Structure formats: structure tokens, C-alpha cells
Amino acid sequence: MSFVVTLSFALLGTLTVGSFFASSQDLVTLHSQDSVTDYAPNTNVECPDFSTTSLIRDFTPENQTLHPREIDYVDQRARLVLPEAWQAWLGANEAGHGYNLSVFQDNYPRVGMAIPGGGLRAALYGAGCLNGLDARNGSAKAAGTGGLLQDPVNFLPGFLSDTSLTDPWARMISFHFLNQTNRANFFTNDTAHGAGQLWSNIPLIPAYQQYQTPFPIIVSDSRPVGSNLTTALSPDSTVFEITPLELASYDPNLSAGMNLTYAGTHLSNGKAVNGSACVTGFDQAGFIMGSSASLFNQLLDFARNKISDFSGSDGAAILYVLSRQLQEVRTRADDVANWPSPFTGLKNTTFQDSDKDWLELIDGSSNQENVPYGPLFVRARGLDVIVTIEGSASDSNNWPNGTGPIMTSQRQSTILRSSHQQFPPIPQNAQAFIETGVNARPTFFGCDPKQIPPEFPLVIYLPNSPPINGDDPVTNYTRKHQELFLSQAHTNTISGFSPNANNPDPNYGTCLQCAAIDRGRLKMAQPIGRSPMCQKCFLQYCYDPENPPSRAELPGRKQLFVDPDPQGVGKLGNFFVRNRFALIGGLAGLVALLALLVGGL
């Protein structure tokens, strides 16, 4: 089974990409990382011979091709690693789910995981949920949910040059999610704080070379160059993905990719504008994540409206810091991640920026697709199952309401019809998501396709939701909040739900296994029927558009946040009033401000 995880960084992002680097200490030796100046790209590097080598992959929506090294990695991982991982997760529970794994003959589903952004809340929810799917966690393993994280993963997509606000933001992200930073050296330049870690160097990590890790992908939206838009992007704006191999878009309007090692090189019709001079080292891991989390174009205009939610004194202090920090911002082009365009001159009848020398990349949810589904639905990848760790804060109480999946479904049924798989049936609007209760408990979408191969993947939807036992929900400002929030996310992840009750479902681990393996039945030469236990599970967890569930089946779920530590947030707000002059001195002021502003979104 193959596994794709999609990570969204809006603004603080999720922990998965960071932990990918943090758990791979070998990466420290792969590139010069002795100084923070290693963040700067290398210019005037000799280009490859363009007469024999192309930095561009060009394809069509109807005849998509993946990067050859991606195909090789996914195939090798599926052959060498995943059969044993499937056996480790499902093999001991054959009596529970009702399948003899040997009959699948390694025809396991190809699975993906999408983790949206949304600030610190979404990062913590992603961490708590992943912990509930991790076989190394005792309670998750006992519940049967632990193991999904290890078993099917082959891809890891997510949301995450002129100097712009993205650059200091990228360095801040690096301090938190890359190697070389600890409590003792946080405020020093004794190390490079991850400045030399390149996204294109991921294939050099031993764990990657042994096919032990997912294939990581970051998602970023493209603002039309020169538009200066500070509102949500239209659905037809180009969406890019950044893998360790290339910067690419599978949207029909572009359908091309560029060798990531030479990212930062201006290309025109596939050739270097500056003759034989190319750029390397542009793909700093922090900058890649920052490009996927660059929300400054909306934040700068949105801030004053958002600040009205603060008290008068706190709001005044924040606006004061904001205005001083942004005096150095010269133009709207500084509110995006600026990438020299390698696609100039390509697809000039369809690509919005074919005649531009730069790309303006911004937060991957700027087109309202807060769940980074795009790479997972690319038709050429052929995913069978997509796990969604949904930490969005979309309704008035900061719970998901289905906006992200709905926007993706609409985009795929129109703009991406020729290039992507279609989304399975879901509630058609946010109100329906809430009324059916699918935003407040685990739900499986697309359980019963009408054809073989299926016309859409099965989507396992795991939304951030109130505690199933009726406890007060918490959010994530102080340390006490964070500990409670992580615990609640973990508990919900391993508990499932029992209709019309506040008790965990003792069979939920088995039901999750049923959903993960189900498409494997249809990949066999002679498809087999669904087991009785899995059929029972699907009756409880599947969304049936002809007979939708009701939120009334979820009694006693408290919607309103109750602060277990009321002094903590007040102290944080008062900090800005007391220290507004000291904050002006450095970028720390801007970073803290942005983290505070978006942490509650």
C-alpha cells in the first residue's frame, strides 16, 4: 500500500515535515550548515548542458507523467517495505476485520494523508491525531488505530528571490522545525539553525534511501503576478507542489515541472536566461515551508479587522508593532514568496504567468482549499485511499465545517476534471456538513463506487471535534491548554464514536483497518466481497448521500471553548503592551505578532 501525506502550513503548519528533518540527523552532514549565511542561494553555478539535458518536464492533462524518480521510489517502497508494514498492522487482527491478508497477494491500496494548516491549533491537532495513528504509541496500538501512520505512506504533500516577509518567516519556521536549534542556542548564531538544509537533499537521507519514509510534498498557491490580491484566490489560480525532485503543477493550465536542484534559475522556454549561469541552494527547507505558509498578502490588510477582536490596549500595541515592523516593506511583491519563474514562455495560451519572470507563491489554502488534497488526487498517482486529518477552524466556534473538501470537490469537478480524480460524494455545503454531523466524528466518504477501477478514492475524514465524552473543549494558547488539547485530539482519534452515546467505539480500530484495506479487494483479478465485520463498520461510519446521518446521533458534545487557565491568555496579551518598544528592535516582534494573530484563526 502506498501512502501520501499532505501537509498544509498555514501559518505555523503541521509537525510532520518538521519531524521528517528533525528525526533525520544525518541531513546535518549533507550540506554546509556552519553559518546562518548558508541560507543564501548559490549564484553563477554552471548549468547542465541544455543540448542534452532539460530542467523542465512538460506533459498534458490527458497524458500526465510523474517524475521517474518518484515512480521508482513509490514502487520500491511498495515492494520492499509496505507488505511487511501492512502485515504488522492488520495481520494480528484477521479474526477482527475478517480478511486473510494472503489473498490480497500484495495488491494493497495506495493510500495518502492530507493534513491542513491553520496555525498552532492545526499543528497541535495534527500532532495529536498522528500520535493516535502511530504504532509506537501504546494506547493507539491497543485501540487498533496505531499502525496506519507506518503502513500505507508513500507521499507526504502539504501547505506549507527578492527578499520578502517570507524570508524571516522561513527562518522562524526553521528554528522550530529543522535541526540545530535547542533551548541553549535559540537566541544565538552558534549554529546555522537549519539554514543549509535543502529540500532537494531529502533523497540523501539514509531512511529515504531505505524507503522508510513517505514521499514529501509541499503545496503552495500562485497569486497572479502583479495582481496585488489580498483576498482569496479564484479557483483557476495555479496550484504548485514542491517535492524533493521538482517544483511542478498538475493543473491543466500548466502541466509542467522543473528540477528542484536548480530552482531559482530564470528559464525562458526551458533555457537559462543568463546563458550558462544557474542557481542552486534556493530550495532551503525553511523557505519551502515558508512558501507554503506565506499568508502575508492577506494578513497585512486583514490585520486591522482581526485586531478588533483584542482589547483596546492590546490592539493598539499590536498595531504599533505591526506598523513599525512593516516600514521596510516596499511593495506588495514583498508580501509573497518570490520564485524566479522556470516556466516563462511555456503554455502561453493557458498559464496565467507565462509572460512573467517571477512566480508569487503564497499560502496553500489561499484558494479556500484548506485541506491540501491536490497532489493526492492527481490522476497519475492513482491513490485509492486518502486519510484527512482535518484541523481547520471554519465555523464560529473554530471547528471544521467542510469548506476545504467542498472547495476541492468543486474545483475537481470543473477546472481539474481532465487531470485529477473526482472527489467522492460529500455534503454539498457547510450547513449540511454540520447538520449531518460528519464534521464532528470520523466519516468514510466514497465507500461504494459504481465501477472498477473506482471512479474516486475512499476518503477517511478525521475532523477536530469536541471530546466524545462531553468534556469541555480546549484550545491551544498556554502550556496547560496545549497538553489538554493534545490529549483530547489523541483520545478522539483512537475512539471513533458510538451513535447516540458518549462512549468510545470498541471496534473503531478494526473499522479503520477495514477502511484502509477496502480498495484492495477491488485491485484483485477476482474481486472479493466485503467481510461481514467491515460491512457492519461501513454502515456506521460511511456517508451515504441517499440516507445521510444526523448530528442528533452525537449527543452531549460541547461546542464552546472553556478556558482551563484564564490567567494565561491575559498575560500573553499584556506582554505586548509592556514590551512594545523592545519588540520594535528585531524580527522577533513580527514573528510573535503573526503567531498571535493567526494562532486563533
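The model shown is predicted, which means the values in this text are computed figures rather than measured ones.

Asker: Let's hear about the overall build of the chain: which residues, and what values?
Answerer: Summing up its helical and strand segments, the chain has 20 helices and 18 strands in all. Per-residue burial over the chain gives 59% buried out of 601 residues. If you sum the accessible surface of the chain, you get close to 22700 Å²; carbon and sulfur atoms cover 51% of it.

Asker: Account for the packing of helix H16 (residues 508–517) against helix H17 (residues 532–541), naming residues and giving values.
Answerer: Packed helices, taken two at a time, are described by the angle their axes make and the gap between the axes. Packing of H16 against H17 brings their axes to within 9 Å, and their N-to-C directions diverge by 95 degrees. With respect to each other, H16 and H17 are oriented roughly perpendicular. Facing H16, whose interface residues are Tyr508, Thr510, Cys511, Cys514 and Ala515, H17 presents Met533, Cys534, Cys537, Phe538 and Tyr541. By residue class, the composition of the contact of H16 with H17 is nine nonpolar, one polar and no charged.

Asker: So what's going on with the pairing of strand S4 (residues 111–115)? Which residues, and what values?
Answerer: The buried fraction of S4 amounts to five of the five residues, a majority that puts the element mostly inside the structure. Residues Val111, Met113 and Ile115 point to one face of S4 and Gly112 and Ala114 to the other, with burial holding for every one of them. By the bridge criterion, four bridges tie S4 to strand S16 (residues 385–390) in an arrangement that is parallel. Looking across to S16, one finds that Val111 is bridged to Val385.

Asker: Account for the pattern of salt bridges, naming residues and giving values.
Answerer: Under the counting rule described, the total for this entry stands at 15 salt bridges. In this structure, Glu70 and Arg381 form a salt bridge, with 2.7 Å as the shortest nitrogen-oxygen distance. Like Glu70, the residue Arg381 is buried in the burial classification. With a shortest N-O distance of 3.7 Å, Arg110 and Asp75 are connected by a salt bridge. Taken together, the residues span a long stretch of sequence, with Arg110 in the loop between helix H4 (94–97) and S4 and Asp75 in helix H2 (residues 68–80) at a distance of 35 residues.

Asker: Can you explain the nonpolar core? Please cite residues and give values.
Answerer: Trp199, Phe240, Ile242, Leu247, Trp339, Phe343 and Leu359 are the most contacted members of the largest nonpolar core, which has 47 residues in total. Of all the secondary-structure elements, those providing two or more residues to this core are helix H7 (166–177), strand S8 (239–242), strand S10 (256–259), strand S13 (277–280), helix H9 (285–292), strand S14 (337–340) and strand S15 (358–362). Other than its neighbours up to four places away in sequence, Phe240 contacts Ile218, Val219, Ser220, Ser222, Leu247, Ala248, Ser249, Leu254, Phe343, Phe351, Leu359 and Leu361. Among the nonpolar cores identified, the runner-up in size contains 45 residues, and Tyr108, Met113, Leu512 and Ala516 belong to it.

Asker: Which residues make up the state of the cysteines, and what are the values?
Answerer: Applying the stated rule across the entire model yields four disulfides. Sulfur-sulfur distance for the disulfide between Cys47 and Cys278 comes to 1.9 Å. Where Cys47 bonds to Cys278 through sulfur, the torsion about that S-S bond is close to 110 degrees, and the disulfide is right-handed. Of the residues examined, Cys278 reaches a relative accessible area of 1% and is grouped as buried. Sequence-ordered numbering of the bonded cysteines in the chain gives a disulfide pattern of 1-2, 3-8, 4-7, 5-6.

Asker: Help me get a handle on the packing of aromatic side chains, residues and values and all.
Answerer: The geometry of an aromatic ring pair comes down to the distance between the two centres and the angle between the two planes. This model, assessed by the stated rule, comprises 24 aromatic pairs. Considering the side-chain rings of Trp86 and Tyr108, the 5.2 Å spacing of their centres and the 15 degrees angle between planes classify their relative orientation as stacked. On the criterion of sequence distance, the pair formed by Trp86 in helix H3 (residues 82–90) and Tyr108 in the loop between H4 and S4 is long-range, its members being 22 residues apart. When sorted by exposure, Trp86 lands in the same class as Tyr108, which is buried. Here the aromatic rings of Phe282 and Phe287 are separated by 5.2 Å at their centres, their planes lie at 80 degrees, and the arrangement is edge-to-face. On the accessibility criterion, Phe282 (4% relative accessible area) is buried. Residue class for Phe287 comes out buried when judged on its relative accessible area of 3%. Three or more aromatic residues link up through ring pairs in this structure, and these residues are Trp86, Trp89, Tyr99, Phe104 and Tyr108.

Asker: Just give me the short version of the pairing of strand S2 (residues 42–46), but keep the residues and values in it.
Answerer: Along any regular strand the residues' side chains alternate between the sheet's two faces. Counted residue by residue, S2 has zero buried out of five residues, so it is predominantly exposed. Of the strand pairs in this sheet, S2 and S13 are connected by three bridges, and their pairing is antiparallel. Bridge pairing in S13 links Glu46 to Ala277.

Asker: Run through the side chain of Asp353, naming residues and quoting values.
Answerer: Along the chain, Asp353 falls in the loop between S14 and S15. Buried and unpaired, Asp353 has Lys356 as its nearest opposite-charge partner, separated by 4.8 Å. One polar contact links Asp353 to Gln352, side chain to side chain, over a distance of 3.5 Å. Once you skip the residues sitting within four places of it in the chain, Asp353 turns out to touch Ser222, Arg223, Pro224 and Val225.

Asker: Tell me about the side chain of Ser531, and please be specific about residues and values.
Answerer: With respect to the helices, strands and loops of the structure, Ser531 is situated in the loop between H16 and H17. Note on Ser531: relative accessible area 5%, which makes it buried. Apart from the residues within four sequence positions on either side, Ser531 is in contact with His97, Gly98 and Tyr99.

Asker: Give me the lowdown on the environment of Phe104, citing residues and values where you can.
Answerer: Note on placement: Phe104 falls in the loop between H4 and S4. Apart from residues no more than four positions distant in its own chain, Phe104 is found in contact with Tyr99, Ile517, Gly520, Arg521 and Met524.

Asker: Describe H17, listing the residues and the values that go with them.
Answerer: Those residues of H17 lying buried are Met533, Cys534, Cys537, Phe538 and Tyr541. Within H17, the buried residues cover an arc of 135 degrees as seen down the axis, which keeps them to one side. Seen from the buried face of H17, the exposed residues on the opposite side, beyond 90 degrees, are Pro532, Lys536 and Leu539. Buried residues along H17 sit against H4, strand S17 (443–445), strand S18 (458–463) and H16.

Rules used in this analysis
Residues numbered from 1 in each chain as written. Predicted model: local features only at pLDDT ≥ 70, side-chain atom pairs only at ≥ 80, totals over all residues. Heavy atoms only, no water. Helix = DSSP H or I, 4+ residues; strand = E, 2+ residues; numbered from the N terminus. Buried < 20%, exposed > 50% of the residue type's maximum accessible area, 1.4 Å probe, protein only. Areas by Shrake-Rupley, 256 points an atom, 1.4 Å probe, with all protein chains shown as cover. Axes fitted to C-alpha atoms, helices over the stretch in contact; angles between N-to-C directions. Parallel < 35°, antiparallel > 145°, perpendicular 65-115°, else oblique. Contact = heavy atoms within 4.5 Å. Nonpolar A, V, L, I, M, F, W, Y, C, P; charged D, E, K, R; others polar. Pairing = 2+ DSSP bridges. Salt bridge = Lys/Arg side-chain N within 4 Å of Asp/Glu carboxyl O. Core = buried A, V, L, I, M, F, W, Y, C linked by side-chain atoms within 4.5 Å. Disulfide = S-S within 2.5 Å. Phe/Tyr/Trp six-rings, centres within 6.5 Å; stacked < 30°, edge-to-face > 60°. Lys, Arg positive; Asp, Glu negative; His and termini not counted. Polar contact = N/O pair within 3.5 Å; in protein donor to acceptor, adjacent residues only side chain to side chain. Arc of directions from axis to C-beta.

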